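The lines below spell out each chain.
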Amino acid sequence: LAPMWAILSATAILYLADRSWRFPSLQTLSLFAIGCGLLLSILAAGTSIINAPPTVGLVDGLSTLEKERVLTYPAVADWVKWWSPADVVYDTHLLDRTAVMQRDGTLNVVWYDRDLQNVTRVLDSLGVESVVVTHAMRNGQVWSYDEEGMLFILENSEMFKKGFSNKEVQVYRRTKVE
């Protein structure tokens, strides 16, 4: 679709440039305004691409993951798979509607439950060794405040230790509590 728009836009600009104008200064001003608009559009798109994930901080955190089973938000799963050898419990490529509904139900139990036994039982059944929490997950994608659900357990339980932490991502590793 983008190449079609580019060709159409170029054709329109050439059409405007080749026409004879009653006021040549108006022609120059119009083509200058169109050129400035194109330049600003390119700069805006470039800025969006540069600021888009993954950020350097996210890549740094994900690259610390080893060959392990990781639980994270499904939107982050592709980044985890790309930047680490880890195996993601749930990703965005579930095509079976029943599997998606089951995943969402399980994730709701894990993300929003503050009962350590319930969370442990689910994590054990999934074989989870690490949990990846991103800045977006902490700020509305999953939780709204720091004491909510599993985030409370991750921060306050001896069962989890921070393996990596920066402003973009935290990697919590499960430890054996005796």
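Going by the structure above, here's the rest.
In this text, all values refer to a predicted model and were calculated from it rather than measured experimentally. Note on numbering: residues in each chain are counted from 1, in written sequence order. Selection of residues for local features in this predicted model requires a pLDDT of at least 70, selection of side-chain atom pairs for listing and counting requires 80 or more, and totals for whole chains, interfaces and linings are taken over all residues. To obtain the side-chain values, all non-hydrogen atoms of the structure were used and water was disregarded.

Student: Sorry if this is basic, but what is going on with the sheet that holds strand β3 (residues 130–134) here?
Tutor: Whenever strands of a sheet pair, they do so through backbone hydrogen bonds, lying parallel or antiparallel. The pairing criterion is simple: DSSP has to find at least two bridges between the two strands. Counting from the N terminus, the helices are DSSP H or I runs at least four residues long and the strands are E runs at least two residues long. Strand order across the open sheet formed by five strands is β2-β1-β3-β5-β4, with mixed pairing between neighbours. Bordering the open sheet on either side are β2 (87–88) and β4 (160–165), each of which pairs with just one other strand. Relative to β3, strand β1 (residues 69–71) runs parallel, the two sharing two bridges. Residue pairing in the sheet places Val70 in a bridge with Ser130 of β3. Any two residues having at least one pair of non-hydrogen atoms within 4.5 Å are treated as being in contact. In this description, a line fitted to the C-alpha atoms serves as the axis of each element, helices being fitted only across the stretch in contact, and the angle between N-to-C directions of two axes falls anywhere from 0 to 180 degrees. Running over the sheet, helix α6 (residues 116–126) touches β1, β4 and β5 (169–174) and is turned about 85 degrees from β5.

Student: Got a minute to help me understand the pattern of salt bridges in this structure?
Tutor: Note that side chains of opposite charge can pair when their charged atoms are close. By definition, a salt bridge exists where a carboxyl oxygen of Asp or Glu is found within 4 Å of a side-chain nitrogen of Lys or Arg. Scanning the entire structure with this criterion turns up six salt bridges. A salt bridge links Glu68 to Arg173, with the nearest nitrogen and oxygen atoms 2.9 Å apart. Placement of the pair is Glu68 in the loop between α3 (56–62) and β1 and Arg173 in strand β5, with a sequence separation of 105 residues. A relative accessible area of 9% places Glu68 in the buried class. A salt bridge links Arg138 to Glu155; the nearest nitrogen and oxygen atoms lie 2.6 Å apart. Remark: Glu155 occurs in helix α8 (residues 149–156) and Arg138 occurs in helix α7 (residues 135–141); sequence separation between them is 17 residues. Exposure classes here rest on a 1.4 Å probe applied to the protein chains alone. A residue is buried below 20% of its type maximum, exposed above 50%, and partly exposed in between. You can call Arg138 buried: its relative accessible area is 15%. Three or more residues are tied together by salt bridges with common partners; here these are Arg138, Asp146 and Glu155.

Student: Before we go on, may I ask you to explain the packing of aromatic side chains in this structure?
Tutor: How two aromatic rings sit relative to each other is given by the distance of their centres and the angle of their planes. Stacked, tilted and edge-to-face pairs are distinguished by plane angle, under 30 degrees for stacked and over 60 for edge-to-face with tilted covering the rest, among Phe, Tyr and Trp rings (Trp via its six-membered ring) whose centres lie within 6.5 Å. On inspection of all chains with the given rule, the structure shows one aromatic pair. Consider the ring centre and the ring normal. A charge sits over the ring if Lys NZ or Arg CZ is within 6 Å of that centre and within 35 degrees of that normal. The cationic tip of Arg114 hangs over the ring face of Phe152; the distance from NZ or CZ to the ring centre is 3.8 Å.

Student: Honestly, the pairing of β5 in this entry has me stumped. Any pointers?
Tutor: Relative to β5, β3 is paired through five bridges, and the arrangement is antiparallel. In the strand pairing of β5, Val131 is matched with Tyr172. Inspection of the sheet shows β4 paired to β5 by five bridges, in the antiparallel sense. What sits directly across from Ser165, in β5, is Gln170.

Student: How should I be thinking about the nonpolar core in this particular structure?
Tutor: Most often, soluble globular proteins have nonpolar side chains that are buried together. Within the largest apolar cluster, 35 residues are counted, with the highest numbers of intra-cluster contacts made by Leu71, Trp111, Val131, Met150 and Phe160. Looking at this core, the elements that each hand over two or more residues are α3, β1, α4 (74–83), α5 (97–112), α6, β3, α8 and β5. Nonpolar cores are built from buried Ala, Val, Leu, Ile, Met, Phe, Trp, Tyr and Cys residues. Side-chain atoms within 4.5 Å join them into one set.

Student: In this structure, what is going on with a nonpolar patch on the surface? I would like to understand it.
Tutor: Here a patch means residues that are over 30% exposed by relative accessible area and free of salt bridges, tied together within 9 Å if like-charged and within 5 Å if nonpolar (Val, Leu, Ile, Met, Phe, Trp, Tyr). Areas reported here follow the Shrake-Rupley algorithm with a probe of radius 1.4 Å; residue values treat only the protein chains shown as occluding. On the surface, a nonpolar cluster with roughly 450 Å² of combined accessible area is contributed by Phe23, Leu26, Leu29 and Phe32. Relative to the assigned elements, Leu26 resides in helix α2 (residues 24–51). By relative accessible area, Leu26 is classed as partly exposed at 41%.

Student: Even after reading the chapter, I still don't get the side chain of Glu68, so can you show me in this structure?
Tutor: Reaching out from Glu68, the side chain makes a polar contact with the backbone nitrogen of Glu66 at a distance of 2.7 Å. Counting of polar contacts relies on pairs of N or O atoms within 3.5 Å, with two restrictions inside protein: one atom must be capable of donating a hydrogen and the other of accepting it, and residues adjacent in sequence are counted only when both atoms are side-chain atoms. At 2.4 Å, the side chain of Glu68 and the side chain of Ser130 are in polar contact. Not counting chain neighbours up to four residues away, the residues in contact with Glu68 comprise Ala86, Asp87, Glu129, Ser130 and Arg173.

Student: Mind showing me how you'd approach α4 here?
Tutor: One turn of an α-helix holds 3.6 residues; hence residues three or four places apart share an orientation. When α4 is considered as a whole, its buried residues turn out to be Pro74, Val76, Ala77 and Val80. What you see down the axis of α4 is that its buried residues fit within an arc of 125 degrees, all on one side. Of all possible arcs, the one meant is that of the directions from the helix axis to the C-beta atoms.

Student: I would appreciate a short explanation of the environment of Gly35 in the present structure.
Tutor: Tracing the backbone shows Gly35 in helix α2. Taking the C-alpha atoms as reference points, Gly35 and Ile13, 22 residues apart in sequence, are found 9.3 Å from one another.

The values are spatial; any link to function lies outside them.
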